[in-house]
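Chain residues, written in single-letter form:
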Amino acid sequence: MQIRRKHGTFRAGLKSLVVEYCAESSVHGVHYFRGSERTWYEKLVWILVFALSVGSCFWLIHEVYHKWSDTPVIVSFAEKSTPVWQIPFPAITICPEVKTSYGEMNFTRQYLNYVGKRAGEQRHDNGTDSLLAIMQLCERSIYDRLLNQSQPFPDKISGESYGSIIRRMKIPLKDIVLYCSFQNNWIPCEKLFSYTMTDEGVCVTFNALSASDMLRKENLTPLEPYLSENKLSEHWSQDGGYTAQSDLDSYPYRALRPGQLAGLKVFLRSDRRNHDFLCRGALRGFKALLHPNNEYPQLTSQFVRIPMNQDVNIAVKPQIITTTPGLHHYSPERRQCFFNHERYLQFFREYTQDNCELECLTNFTLSHCGCVRFSMPRNGTTPECETNQMECMMGAEQRYLEMDFRSRRGDEPINYHDDCNCLPGCASVQYDLEITQTDFDWKGWLQNLNRSTRSADEGIELALFEVYYKEAQFMTSKRSELYGLTDFLANCGGLLGLCMGVSLLSLVELVYFCVVRPVTLWRQRREQVNEEEQSQGISMVARDNDD
C-alpha cells in the first residue's frame, strides 16, 4: 500500500511538472499539449508537428556541424595588396647543360672506348669512375640507349662518392655567370651566386637560404656539402616575413620596385666545345628554376630553358597564400596546411611541400633500391646508388608518382604519399612567369664597343637572363575560418529559432524544469511529509495522555 502510494505520488508529481512546463514554456507549440478544452486529436496533431519540427531542426544542425567540422577553412583574397618589397626576391637556380669541360673529360670518346672493348679488356680505373659519375647526369631519354650498348656497368671502385666526383669535375662559377647586376648595381657574381648540388649536377643559385638555415646538417653526411651558401637569414622567416630590425641589405635580398632596373640581370657564358651530344642531346644552353628561398631546387621536372645567343626576360608575379591567426588552434588536417614548427623533416629545417616530397621520395628510393641518388639528402650510413642502379632509381620515382592513382585502384597496398603527409605550407609562395625571348647579338654589340670577339671564334657563346617583378603590388590569398565556433553557434541558434522558436533562455528554461524545479518540488514535498508525520505524532501523544 505504501509502495503504491509512492508510485502514485511520483506519477502525480511528474504529471504536474509536465503540465506546468507546457503552461509556462516559451517554446512554440508546447502549450497546446495541455488543456481540457482541446480534444486528444488536436493534441496529437500538435505533438506530431512539434516532433517533425524538432527532427528537422536537429537534422539541419547535424548538416551544419559536418560543414563546420569538415570544411572550416576558406581561401580568399586579402583585404589589401602587398608591395613587392615586403617579400624576398625569388631564389634562382641556373644549371648548365654542359656538365664538365672537354679538358676534364671527353665523355663521348671515353664512353665509346669503354664499350668498344671486349668484356675481358675493360679495365676499371679512376677514369671509369668519372665516366660512371657523368653518366648519372645524362638526359634520361638517352640513358637507356647508353645502357643497351654495353655490358652492365661495374660499381665504382674508389672511395670517393659520386657527388664528390661531380663537384670536382664541375664547370666553375666564373665560367657560367660572367657579369651580374641586381637592383641596377653591378656586383661580382661570386657574391651573389653559390653552388648547389641538384639532380642536374652542380648548379649555381641566387638568394636561397644557407645550408645552416635550410638543412639539418647534423643529420646529413658531412662529406656532401649540398649548399655552399653561408649568408644567414637572421631577420626573415617564411611564416613571419621580415622582422622590424631588417634593413635593405638583409638576406634574402628583396627588390624595392618592379621592372628590369630593380631585378636581376645575368650574362651567362658557355663553351660549345664542352657540349657532349651523346650525353646531353641536341639542346645547348642552361636550365633555370625560380623557387621559394627556403626550398631545395629540383630541376628534373620543371625549369625554364635559356638558349645561347638569346635574351630571356621573365616577368614574375608572386602568388602567396598566408594563414590567419584564427586557424592556429586548428589541426593541420582540418586547415590542410602545416606551419614550419608543426611538421618535422629529417633533413630540412624549413618545411615546404616540395622539401617534404623530396625527403619522402628519398626514403622510398632507399626502401625500393637499398640506396639513394647522389643528389638526394642522406646520412653517413645511407649508400649512394651505383650507375648500374639508375633503372631502379628511375623506376622508384615513377612508381612513387603513380602511387596515389594505384592506391585508389587497390593496386598499391601501401601508399607512401599518405604516410608522408606532405600538405602545403601555411605560408607558401609560387611564381607566375611571363617569358619573352629575343635574339641577343652580343658579337655585334662587342664590335660596336671596339671589344674583341676572338672568344666567339674559339667556341664561346653568351646569353642574357633577366628576372624582375611585373607589378609593384600583388594580391595575396589567405586561409581563414569559413565557420568558426561563433558562426556555428549562430547557425544553430537560427535553426532552433526557425523550427521551434527556441532561444538561449528557452534552453535554460528546459534545464530548469528538468533539474532545478524537480529538486525544489521534491524538497517541498519532503518538508510537507515531515510536517504531517510530526502532526500525527503529536496527535497520538495527546491521545495517549487523554487515555
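Summarised in this report is the structure supplied together with it. By convention here, each chain's residues receive numbers from 1 onward along its written sequence. In view of the model being predicted, local features appear only for residues whose pLDDT reaches at least 70, and side-chain atom pairs are presented and counted only at 80 or more, with totals across whole chains, interfaces and linings using the full set of residues. For the side-chain quantities, the full set of heavy atoms in the structure was used; hydrogens and water were omitted.

What follows is about the packing of helix 11 (residues 353–369) against helix 12 (residues 390–401). All axes are obtained by fitting lines to C-alpha atoms, using only the stretch in contact for helices, and the reported angles, taken between N-to-C directions, cover 0 to 180 degrees. Only DSSP runs of H or I with at least four residues qualify as helices, and only runs of E with at least two residues qualify as strands; both kinds are numbered from the N terminus onward. Packing of helix 11 against helix 12 brings their axes to within 9 Å, and their N-to-C directions diverge by 125°. The angle between helix 11 and helix 12 falls in the class oblique. Helix-helix and strand crossings are classified by hand; for helix 11 and helix 12 the assignment is right-handed. In contact with Glu357, Cys360, Leu361, Phe364, Thr365, His368 and Cys369 of helix 11, helix 12 contributes Cys392, Met393, Ala396, Glu397, Arg399 and Tyr400. Throughout, the term roughly parallel applies to angles under 35 degrees, roughly antiparallel to angles over 145, roughly perpendicular to angles from 65 to 115, and oblique to all others. Helix crossings get a hand from a simple test, with the near helix turned counterclockwise from the far one by less than a right angle marking a left-handed crossing and a clockwise turn marking a right-handed one. Should any heavy atoms of two residues lie within 4.5 Å, those residues are considered in contact.

Another aspect to go through is the state of the cysteines. Criterion for a disulfide: a pair of cysteine sulfur atoms within 2.5 Å. Tallied over the full model, the rule gives eight disulfides. Paired through a disulfide, Cys360 and Cys420 show a sulfur-sulfur distance of 1.7 Å. Linking Cys360 and Cys420, the disulfide has an S-S dihedral of approximately 80° and is accordingly described as right-handed. You can see Cys360 sitting in helix 11 and its partner Cys420 sitting in helix 14 (residues 416–420), a full 60 residues away along the chain. Residue exposure (1.4 Å probe, protein chains only): buried if accessible area is under 20% of the type maximum, exposed if over 50%, otherwise partly exposed. Judged by relative accessible area, Cys360 falls into the buried class, the value being 2%.

Turning our attention to the packing of helix 2 (residues 40–70) against helix 17 (residues 485–500). Closest axis-to-axis distance for the helix 2/helix 17 pair is 9 Å, and the angle between their directions is 165°. The angle between helix 2 and helix 17 places the two elements in the roughly antiparallel class. Where helix 2 crosses over helix 17, the two elements pack in a sense that is right-handed. Residue-level inspection shows Phe50, Ser53, Val54, Cys57, Leu60, Ile61, Val64, Tyr65 and Trp68 of helix 2 in contact with helix 17, the latter providing Leu485, Phe488, Asn491, Cys492, Leu495, Leu496, Cys499 and Met500. Polarity classes work like this: nonpolar for Ala, Val, Leu, Ile, Met, Phe, Trp, Tyr, Cys and Pro, charged for Asp, Glu, Lys and Arg, and polar for all others, with Gly in that last group. Partitioned by chemical class, the residues of the contact of helix 2 with helix 17 number 15 nonpolar, two polar and no charged.

Our next topic: the pairing of strand 6 (residues 193–198). The side chains of a regular strand alternate, residue by residue, between the two faces of the sheet. Counting buried positions along strand 6 gives five out of six residues, so the element sits mostly inside the fold. Any two strands with at least two DSSP-identified bridges between them are counted as paired. Bridge count for strand 6 against strand 7 (residues 201–206) is six bridges, and the pairing is antiparallel. Across the sheet, the residue bridging to Tyr195 is Val204, located in strand 7.

Here the focus is the pattern of salt bridges. The working definition used for a salt bridge is a side-chain nitrogen of Lys or Arg within 4 Å of a carboxyl oxygen of Asp or Glu. Per the counting criterion, the structure on display carries 22 salt bridges. One salt bridge in this structure joins Glu229 and Lys231, with 3.0 Å as the shortest N-O distance. Two residues, Asp271 and Arg273, come together in a salt bridge whose shortest N-O distance is 2.8 Å. Judged by its relative accessible area of 10%, Asp271 is buried. Several salt bridges converge on common partners, so that one network encompasses Glu97, Lys99, Glu139, Glu200, Arg280, Lys287 and Arg305.

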